[in-house]
Amino acid sequence: MVESEPIIICENLVKIYKIANLEVVALQGLDMVVERGEVLGIVGTSGSGKTTLLNILGGLDRPSAGRVSVDSVDLLNLSDSALNTYKRHNVGFVWQQTGRNLIPYLSAQENVELPMTMSGVTNPKERRNRSDFLLNAVGMHHRRTHHLTQLSGGEQQRVAISVALANNPVLLLGDEPTGEVDSATAQSIMDTFRKLSQEMD
């Protein structure tokens, strides 16, 4: 792997959804290059294809045409099995709705350790050390035993960032991760993203 190679390359990316007898073009000829370590915000009106693009980059959806690669992985031609492996190991997601990020009956620490367990990390000490590191990185280690209902919206999103980073993905995606918090908390969350980008690059 050449370190200078971009993390994301999209060339003439197209996504068409078929709804009943209609074809809806969500992406039309998108070209994009994102360098390693870059923090990128995608803005646009509702329905402009932002979430569609994130879903494709995250392996949750497949493009209709064009080329898309993440960390030299060609997402267009992956088998279903390979795409599942890609989603589990290569990408982390932080959603706007905290309910999609965290399991309410688990503690913050248990939430962070769950993706590692699902990916086959069987050593409890390894999982605990990784979760301790990540929760500390987002300033939430002191709240590690708390559950979803005991955390504010901003605290939940910080834990969600730790969950998304649990398996050390090459790509972290956020779909409006500050959409349900106030502006001061939103700024704090974005600062956390930037800090982690610098520290974990």
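All of these numbers come straight from a predicted model, not from anything done at the bench. (Residues numbered from 1 in each chain as written. Predicted model: local features only at pLDDT ≥ 70, side-chain atom pairs only at ≥ 80, totals over all residues. Heavy atoms only, no water.)

## Observations regarding the overall build of the protein chain
- Counting its regular elements, the protein chain contains seven helices and six strands.
- Counting from the amino terminus, the protein chain carries its helices and strands in the arrangement β-β-α-β-β-α-β-α-α-α-α-β-α.
- Over its C-alpha atoms, taken along the principal directions, the protein chain stretches across nearly 50 × 35 × 35 Å.
- The long-range fraction of contacts in the protein chain, counting pairs at least 24 apart against all pairs at least 6 apart in sequence, stands at 65%.
- When the accessible area of the protein chain is evaluated, it comes to approximately 10900 Å², of which 49% is carbon and sulfur surface.
- Taking the average location of the 18 positive side-chain charges in the protein chain and that of its 23 negative ones, the two points are 6 Å from each other. (Helix = DSSP H or I, 4+ residues; strand = E, 2+ residues; numbered from the N terminus. Contact = heavy atoms within 4.5 Å. Areas by Shrake-Rupley, 256 points an atom, 1.4 Å probe, with all protein chains shown as cover. Lys, Arg positive; Asp, Glu negative; His and termini not counted. Charge placed at Lys NZ, Arg CZ, Asp CG, Glu CD.)

## Some details on the packing of aromatic side chains
- For the structure on display, the rule yields one aromatic pair.
- Sitting over the ring of Tyr17, Lys15 keeps its end group 5.0 Å from the ring centre.
- Of note, Arg100 hangs over the ring of Trp95, and the distance from its end group to the ring centre comes to 3.6 Å. (Phe/Tyr/Trp six-rings, centres within 6.5 Å; stacked < 30°, edge-to-face > 60°. Lys NZ or Arg CZ within 6 Å of the ring centre and 35° of its normal.)

## Details of the environment of Ser48
- Relative to the assigned elements, Ser48 resides in the loop between strand S2 (22–34) and helix H1 (50–57).
- Considered as a pair, Ser48 and Val25 are 23 residues apart in the sequence and their alpha carbons are 9.6 Å apart.
- In terms of polar contacts, Ser48 uses its side chain to reach the backbone carbonyl oxygen of Thr45, at 2.7 Å. (Polar contact = N/O pair within 3.5 Å; in protein donor to acceptor, adjacent residues only side chain to side chain.)

## Here we look at the sheet that holds strand S3 (residues 65–70)
- Pairing is antiparallel across the open sheet formed by four strands, whose spatial order is S2-S1-S3-S4. Two strands lie at the open edges of the sheet, namely S2 and strand S4 (73–74), each paired on one side alone.
- Packed on one face of the sheet, H1 meets strand S1 (8–19), S2 and S3 and runs near 115° to S1. (Pairing = 2+ DSSP bridges. Axes fitted to C-alpha atoms, helices over the stretch in contact; angles between N-to-C directions.)

## Some points on the packing of helix H4 (residues 108–118) against helix H6 (residues 153–164)
- With their axes 8 Å apart at the nearest point, H4 and H6 run at an angle of 25° to one another. On the basis of the axis angle, H4 is roughly parallel to H6. Both H4 and H6 take part in a crossing whose hand is right-handed. Along its contact with H4, which presents Ala108, Asn111, Val112 and Pro115, the element H6 presents Val159, Ser162 and Val163.
- Residues of the contact of H4 with H6, tallied by class, amount to five nonpolar, two polar and no charged. (Parallel < 35°, antiparallel > 145°, perpendicular 65-115°, else oblique. Left-handed = near helix turned anticlockwise from the far one by under 90°. Nonpolar A, V, L, I, M, F, W, Y, C, P; charged D, E, K, R; others polar.)

## Describing the pairing of strand S6 (residues 171–175)
- The alternating pattern of S6 places Leu171, Leu173 and Asp175 on a buried face, while none of Leu172 and Gly174, on the opposite face, is buried.
- Note: strand S5 (residues 91–95) against S6, five bridges, orientation parallel. Looking at the pairing, Trp95 lines up with Asp175 of S6. (Buried < 20%, exposed > 50% of the residue type's maximum accessible area, 1.4 Å probe, protein only.)

## Let's talk about the side chain of Ser162
- Here Ser162 shows up in helix H6.
- Beyond its immediate sequence surroundings of up to four residues, Ser162 is in contact with Val112, Leu134, Leu135 and Val138.

## A closer look at the nonpolar core
- Val94, Leu102, Val112, Met140, Val159, Ile161 and Leu196 are the most contacted members of the largest nonpolar core, which has 25 residues in total.
- Listing elements by their share of this core, those giving two or more residues are H4, helix H5 (124–137), H6 and helix H7 (183–200).
- The residues touching Val159, leaving out its near neighbours within four places in the chain, are Leu102, Ala108, Val112, Leu135, Met140 and Leu151.
- Ranked by size, the runner-up nonpolar core spans 22 residues in total, among them Ile7, Cys10, Val34 and Leu171. (Core = buried A, V, L, I, M, F, W, Y, C linked by side-chain atoms within 4.5 Å.)

That's the geometry; what it means functionally is another story.
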